Structures are given as C-alpha cells and as structure tokens.
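Structure at a glance
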Amino acid sequence: AQSVTQPDIHITVSEGASLELRCNYSYGATPYLFWYVQSPGQGLQLLLKYFSGDTLVQGIKGFEAEFKRSQSSFNLRKPSVHWSDAAEYFCAVGPPGGGADGLTFGKGTHLIIQP
Amino acid sequence: GAGVSQSPSNKVTEKGKDVELRCDPISGHTALYWYRQRLGQGLEFLIYFQGNSAPDKSGLPSDRFSAERTGESVSTLTIQRTQQEDSAVYLCASSSSWTYRYEQYFGPGTRLTVT
C-alpha cells in the first residue's frame, strides 16, 4: 500500500529565512504528488502538484517543490518565509493515471515562524 | 464564488447517538470526497462520489458509516451509534470533474467530538 512520510512533526524557522519541508513516499510507481497547506480555521489549500515532466514545480505563495525519483522524495521549499506561512503542511500522493482511491496524506508538518 | 461549505462546524454528541454531517460542494463540481482527520494525523480518505454514485465504499471505516449525495450537490455523511474513536475532523472536498480529481478544494471541516 502507498504511504507518505513527513519526518518533521514541527519545524521552527525565523521570518525571512529559507524553508525546506521533507516528504518521502512509498509507491509501486511514480505517483501524482501534492502539497497542501492548512491554516488555522481554514480548509486545506493546494500549493502545488506534480504529475510528470519538469521535476521542479512552482506553486502559489512563492513555494516550489522538487521531485527526486531516486530518493522517492518531493520536498517543499521557499527561499524566504513570511509570518503568514505559519500553518500545517501536508504532502499527499495519488495513484497515477486513475484509480478510485482518494489522496493518501502524510501526517503533516507544523511550521512555526519566529519573528 | 463560494467555496466548499460544511455544517455544522462543530458537533458534540454522546456515545451511541447518530450524527449527520453535511457538505455543500462548489457549484458545478461533479466529484466530491470525504476525508477524516484524527488529531495529529494526516487525512484518511473515506469515500468519493462521481455525480451521485459512489463506486467505491471500501474506505469507510465500518458499516456504521454511510454517505449519500443528492444529484451533483449536497452530500451527507452519517455515522450511526457513534464511538469515541469517531472523534475527528471530517473534511469534504470537491473537484470540477473526475478528470481534475486531484485538484480538490476543501471545506473547513466539521469537528466531531464523541463524549
């Protein structure tokens, strides 16, 4: 069965510093890959997605992620974080090319921004 | 336009009671999904609807859980004889079609507490 691992439960970053959130997946083939953000009291919002092609994908709010097949990873990055980036971040995978299953989510990384 | 809405936002119920959770998807979205998010966990896929049919119900955790959808609009998730382990946030998402099933827009969730 597919699984998603986000090894960092909490990450604290100073405002203006760079950010990298880790995500590793276990899947029989290259899945579709996603990052979502969940702000307090808000629904989940899709930041970016990877289906195929260029392994570096750009998303909203200045985020990007890089797919590395050899490492089964899809890490999220941002060069300079803002206080408004404090939230819960979820990596997710979906079966490529179809399938009735919904997305499989990691347990999330809670991002704390220090002033 | 309006996003996905869910009601109630919070529900406290006694063990053994039945509860109904409601989801209003984005107008025109044909695909609808239910997820469960337990405290400190990622999202767990429960069921999806394409139109008003649910091809795969295997994600529902037990036969106490059921879901239905009226046409291509409102969906209700019903939990019968609630147990304490049912306490979680229940999230609903919709997407414009099965083709775009991975571009899911999430509602704010219903926080269910079973006492």
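Note that the structure is predicted; figures quoted are calculated from it, not measured. (Residues numbered from 1 in each chain as written. Chains lettered and ligands numbered in written order. Predicted model: local features only at pLDDT ≥ 70, side-chain atom pairs only at ≥ 80, totals over all residues. Heavy atoms only, no water.)

Considerations on the interface of chain A and chain B
- On the chain B side, the residues contacting the 24 residues of chain A number 18 residues.
- Summed over both partners, the interface of chain A with chain B comes to about 1,600 Å²; 58% of that surface belongs to carbon and sulfur atoms.
- At the surface where chain A touches chain B, the tally comes to zero salt bridges.
- Seen at the junction of chain A and chain B, the total is two residue pairs in polar contact (both at pLDDT 80 or more).
- Elements with a contribution of two residues or more to the side of chain A that touches chain B: strand S5 (32–38), strand S6 (44–50) and strand S10 (87–94) of chain A.
- When residues of the side of chain A that touches chain B are assigned to their parent elements, the largest contribution, four residues, is made by S5 of chain A.
- Taken together, the residues of the side of chain A that touches chain B sort by class into eleven nonpolar, ten polar and three charged. (Contact = heavy atoms within 4.5 Å. Buried area = accessible area lost by both parts, 1.4 Å probe. Salt bridge = Lys/Arg side-chain N within 4 Å of Asp/Glu carboxyl O. Polar contact = N/O pair within 3.5 Å; in protein donor to acceptor, adjacent residues only side chain to side chain. Helix = DSSP H or I, 4+ residues; strand = E, 2+ residues; numbered from the N terminus. Nonpolar A, V, L, I, M, F, W, Y, C, P; charged D, E, K, R; others polar.)

Structural notes on the state of the cysteines
- What the rule picks out here adds up to two disulfides over all chains.
- A sulfur-sulfur distance of 1.9 Å marks the disulfide that ties Cys23 of chain A to Cys91 of chain A. With the S-S dihedral at roughly -65°, the linkage between Cys23 of chain A and Cys91 of chain A falls on the left-handed side. Taken as a pair, Cys23 of chain A in the loop between strand S3 (19–21) and strand S4 (24–26) and Cys91 of chain A in strand S10 lie far apart in primary sequence, 68 residues in all.
- One disulfide bridge connects Cys23 of chain B with Cys92 of chain B, the sulfur atoms lying 1.8 Å from each other. (Disulfide = S-S within 2.5 Å.)

Quick word on the packing of aromatic side chains
- Considering all chains together, one arrives at 14 aromatic pairs over all chains under this definition.
- Note on Tyr35 of chain B and Phe45 of chain B: the rings are 5.7 Å apart at their centroids and 65° apart in plane angle, and the pair reads as edge-to-face. Here the residue Tyr35 of chain B occupies a position in strand S4 (residues 31–37), and Phe45 of chain B occupies one in strand S5 (residues 43–50), the gap between them amounting to ten residues. For the pair formed by Tyr35 of chain B and Phe45 of chain B, the shared burial category is buried.
- Aromatic ring contacts, followed pair by pair, group Tyr36, Phe90 and Phe105 of chain A together with Tyr35, Phe45 and Phe106 of chain B into a single cluster. (Phe/Tyr/Trp six-rings, centres within 6.5 Å; stacked < 30°, edge-to-face > 60°. Buried < 20%, exposed > 50% of the residue type's maximum accessible area, 1.4 Å probe, protein only.)

Section: the side chain of Thr30 of chain B
All names here are of chain B.
- Checked against the element boundaries, Thr30 lands in the loop between strand S3 (19–24) and S4.
- Using a relative accessible area of 14% as the deciding quantity, one classes Thr30 as buried.
- In terms of polar contacts, Thr30 uses its side chain to reach the side chain of Gln50, at 3.2 Å.
- Here the side chain of Thr30 touches Ser96 through a polar contact of 3.2 Å, landing on its backbone oxygen.

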